[in-house]
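Take a look at the letters that make up each chain.
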Amino acid sequence: MSGPGPLRVPLGSIAAGVVALPAEAASYVVRVHRLREGDRFVVFDPELGIEADATLEAIGKRSAEARIEAPRPAALRPGRRVTWIQAVGKGDKMDAVVRDATELGATRIIPAISARSVARPGEDRAQRWRRIAVEAARQCGRGDAPRVDAPMSLAAALADARAAEGGALGMCLDPYAETPLGARLAALTPGMEAAFVVGPEGGLTPEELGVCAALGFERVRLGALTLRTETVCAAALGALIAVSDARAG
């Protein structure tokens, strides 16, 4: 849940000075939130993880200018790198996964096509998911947004994640696994990277589970119940946050 605070507006290429806001940002500030000249807000670059205080300087019929102060590193960013590999499900389930993963600290989201994936999304869906990630970051107060990859095969996603996240603690969520998620999370050290993989509605095939194991993604379970594929993200990343916070405290 996001707490009270100044209006946050995603904006690329943040630099100090008076700038004309892009049309979408200007409309968001002036027409959606009805800010007036002299009102203050915060702009943030979701790719670079920087932010800056801003003051609305001038409002035109279809434009707005703001004075941007000196950029600074964003105050709220995830404390560890977390990759979430999600086998794409039916309908808009991936939308919910992207929102949850962003709010719960994932730094990279990889939509994967597995053997039992019914949907075969294209790059246009990836653009939508990137917009959803930025909006979720704005709402929860994050100063950055996770990288959202274009859809790729599950094998490619697994190989890419392990190559990019060398040394990460890998976990494959499987309701039939013997190892509880909590036991696997016990191996996490401060700042250690984590990577998760979740199958679609029908789960991963035995062959895919074998590939996961070969690449270091140990099978773990989330309790005794079988969760929906779009529910697993919130449960698993919530558990990760609880473990990380307990150790930090």
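Our structure is the block above this text.
Residues numbered from 1 in each chain as written. Predicted model: local features only at pLDDT ≥ 70, side-chain atom pairs only at ≥ 80, totals over all residues. Heavy atoms only, no water.

Observations concerning helix H1 (residues 23-32)
For H1, the set of buried residues is Ala25, Ala26, Tyr28, Val29 and Val30. Against strand S1 (8-10), strand S3 (40-45), strand S4 (50-59), strand S5 (64-68) and helix H3 (123-140) lie the buried residues of H1. (Buried < 20%, exposed > 50% of the residue type's maximum accessible area, 1.4 Å probe, protein only. Helix = DSSP H or I, 4+ residues; strand = E, 2+ residues; numbered from the N terminus. Contact = heavy atoms within 4.5 Å.)

A closer look at the nonpolar core
If you look at the biggest cluster of nonpolar residues, it comprises 28 residues, and the most contacted ones within it are Trp84, Met171, Phe196 and Leu237. Ranked by residues supplied to this core, first place goes to helix H7 (residues 232-248) with five residues. Look past the residues within four positions of Phe196 in its chain and what remains in contact with it is Val82, Thr83, Trp84, Ile85, Met171, Leu173, Leu181, Phe217, Ala236, Leu237 and Leu240. Grouped together as the second largest cluster of nonpolar side chains are 19 residues, Leu21, Leu35, Val43 and Leu56 included. (Core = buried A, V, L, I, M, F, W, Y, C linked by side-chain atoms within 4.5 Å.)

Topic: the environment of Glu103
Structurally, the position occupied by Glu103 is in helix H2 (residues 93-103). Separated by 25 residues in the primary sequence, Glu103 and Pro78 have C-alpha atoms spaced 9.8 Å apart. With residues near it in sequence (within four places) discarded, Glu103 still touches Ala136 and Cys140.

Focus: the side chain of Arg138
By secondary structure assignment, the location of Arg138 is in helix H3. With a relative accessible area of 15%, Arg138 lands in the buried category.

Quick notes on the packing of H2 against H3
Where H2 contacts H3, the two axes come as close as 8 Å, and the packing angle between them is 40°. Of the two elements, H2 crosses H3, and the hand of that crossing is right-handed. Where H2 abuts H3, its residues Met94, Asp95, Val98, Arg99, Thr102 and Glu103 lie against Arg125, Arg128, Trp129, Ile132, Ala133, Ala136, Ala137 and Cys140. Residues belonging to the contact of H2 with H3 are distributed by class as follows: eight nonpolar, one polar and five charged. (Axes fitted to C-alpha atoms, helices over the stretch in contact; angles between N-to-C directions. Left-handed = near helix turned anticlockwise from the far one by under 90°. Nonpolar A, V, L, I, M, F, W, Y, C, P; charged D, E, K, R; others polar.)

Points about the side chain of Arg8
Its location among the elements puts Arg8 in strand S1. The class for Arg8 is buried, based on a relative accessible area of 13%. At 3.2 Å, the side chain of Arg8 and the backbone oxygen of Arg142 are in polar contact. (Polar contact = N/O pair within 3.5 Å; in protein donor to acceptor, adjacent residues only side chain to side chain.)

Considerations on the pattern of salt bridges
According to the stated counting rule, one finds 18 salt bridges in the structure shown. With a closest N to O distance of 3.2 Å, Arg40 and Glu69 form a salt bridge. With a gap of 29 residues between them, Arg40 in strand S3 and Glu69 in the loop between S5 and strand S6 (72-73) connect regions that are remote in the sequence. With a relative accessible area of 47%, Arg40 lands in the partly exposed category. In this structure, the salt-bridge partner of Asp95 is Arg125, at a minimum N-O distance of 3.7 Å. Pair noted here: Asp95 is in helix H2 and Arg125 is in helix H3, with a separation of 30 residues, a long-range link. Taken together, the shared-partner salt bridges in this structure form one network comprising Arg8, Glu51, Asp53 and Arg72. (Salt bridge = Lys/Arg side-chain N within 4 Å of Asp/Glu carboxyl O.)

Remarks on unusual backbone geometry
Here the phi dihedral of Ser13 falls at roughly 55°; this positive angle occurs in a residue that is not glycine. Along the chain, the position of Ser13 falls in the loop between S1 and strand S2 (17-20). The class for Ser13 is exposed, based on a relative accessible area of 71%. Backbone geometry places Arg34, a non-glycine residue, at a positive phi of 55°. Relative to the elements of secondary structure, Arg34 occurs in the loop between H1 and S3.

Considerations on the packing of aromatic side chains
Tallied over the full model, the rule gives one aromatic pair. In this arrangement the basic side chain of Arg8 is found over the ring face of Phe44, its NZ or CZ atom lying 4.8 Å from the centre. (Phe/Tyr/Trp six-rings, centres within 6.5 Å; stacked < 30°, edge-to-face > 60°. Lys NZ or Arg CZ within 6 Å of the ring centre and 35° of its normal.)

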